[in-house]
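Secondary and tertiary structure notes
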Amino acid sequence: MNKNIRLLFIVAAACIIIFSVVFGGKISFNEQMPIYDGLRNTSAIIFAVMGAWIALLYPGKLSQAFGQKPYKEKANDIDQINRLFRPMIYSTVILMVVIGVSFAVPLAKQIAYLHPLKEIFRAVSFGAIAFLTLLQFWSIILTLVPGDTIKDDLDDIKSREEMLERMKPSRKKH
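Predicted model, so just to flag it, every value in this text is computed and none were measured.

With respect to the packing of aromatic side chains
- A complete count under the given rule lists three aromatic pairs for this structure.
- Ring geometry for F9 versus W138: centroids 6.5 Å apart, planes at 40°, classification tilted. With a gap of 129 residues between them, F9 in helix α1 (residues 3-24) and W138 in helix α5 (residues 118-142) connect regions that are remote in the sequence.
- Each ring, one from F19 and one from F23, has its centre 4.6 Å from the other, and the planes form 50°; the classification is tilted. With F19 and F23 both in helix α1 and four residues apart, the pair spans about one turn of that helix. For the residue pair F19 and F23, the accessibility class agrees, reading exposed in each case.

Description of the nonpolar core
- Residues F29, M33, Y36, L39, I94, V98, V101, V105, F126, I129, L132 and L135 constitute the largest nonpolar core, which totals twelve residues.
- Of all the elements in the fold, those that place two or more residues in this core are α2 (29-57), α4 (71-109) and α5.
- Residues I46, I54, L84 and M88 belong to the second largest nonpolar core, which totals five residues.

Re the environment of M88
- Residue position: M88 is located in helix α4.
- Residue M88 is classed as buried on the basis of its relative accessible area, which comes to 10%.
- Spatially, the C-alpha atom of M88 lies 9.6 Å from that of L142, the residues being 54 residues apart in sequence.
- Not counting residues within four places of it along the chain, the set of residues in contact with M88 comprises F47, M50, G51 and I54.

Here's the deal with the pattern of salt bridges
- Enumeration according to the criterion identifies three salt bridges in this entry.
- Residue K26 pairs with E119 through a salt bridge whose shortest N-O separation is 3.4 Å. Within this pair, whereas K26 is found in the loop between α1 and α2, its partner E119 is found in helix α5, the two being separated by 93 residues in sequence.
- For E119, a relative accessible area of 41% translates into the label partly exposed.

Some points on the confidence of the model for the chain
- Mean pLDDT over the chain works out to 84, with 84% of the residues at or above the 70 mark.
- Mean pLDDT across the elements of the chain ranges from a minimum in helix α3 (residues 59-65), with 64, to a maximum in α5, with 94.

Concerning the packing of α1 against α5
- Two elements in contact, α1 and α5, have axes whose closest approach is 7 Å; the angle formed by their N-to-C orientations is 155°. Considered as vectors, α1 and α5 are oriented roughly antiparallel to each other. Crossing angle aside, the handedness with which α1 passes α5 is right-handed. Here α1 contributes A13, I16, I17, S20, V21 and G24 to the contact with α5, which in turn contributes R122, A123, F126, G127, A130, F131 and L134.
- In terms of residue class, the contact of α1 with α5 is built from nine nonpolar, three polar and one charged.

Calculation rules
Residues numbered from 1 in each chain as written. Predicted model: local features only at pLDDT ≥ 70, side-chain atom pairs only at ≥ 80, totals over all residues. Heavy atoms only, no water. Phe/Tyr/Trp six-rings, centres within 6.5 Å; stacked < 30°, edge-to-face > 60°. Helix = DSSP H or I, 4+ residues; strand = E, 2+ residues; numbered from the N terminus. Buried < 20%, exposed > 50% of the residue type's maximum accessible area, 1.4 Å probe, protein only. Core = buried A, V, L, I, M, F, W, Y, C linked by side-chain atoms within 4.5 Å. Contact = heavy atoms within 4.5 Å. Salt bridge = Lys/Arg side-chain N within 4 Å of Asp/Glu carboxyl O. pLDDT = per-residue confidence, 0-100. Axes fitted to C-alpha atoms, helices over the stretch in contact; angles between N-to-C directions. Parallel < 35°, antiparallel > 145°, perpendicular 65-115°, else oblique. Left-handed = near helix turned anticlockwise from the far one by under 90°. Nonpolar A, V, L, I, M, F, W, Y, C, P; charged D, E, K, R; others polar.

Shown next, in the form of structure tokens:
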């Protein structure tokens, strides 16, 4: 990715997260919970989709990457697998955070000592929602990688076939 685009994305993401923390303190956890639920559901879907991509399109890659081949021969397979697993890893992190928050918040509400700090916890929670949402967007974008790879492979095959067809001697009758 272009460094300027990456820098712009990082600055925009930081601004969104800071804005969410600053103004999220007034948003009750009951209002935040549907957002967490949506993140959890989307993460589960991404996890399933990427698992299906791996199982259907690259069944041999895993065995090749972890087989008996020397590392140099496995490097390309491992790189391709890493690109496929990245959205699954991000989705797993999101699921872990959402499950942890869903467990911790009801417990924290029972501790009277924490009640005066609830606005701070709400702000941090909404900042986490902003971060997880941006990570979710990135995961969704990464789910397009396998399809793009297949499209590139098909385009290569098509261009090779077209080139071979052009190179064949023409069979014109004189």
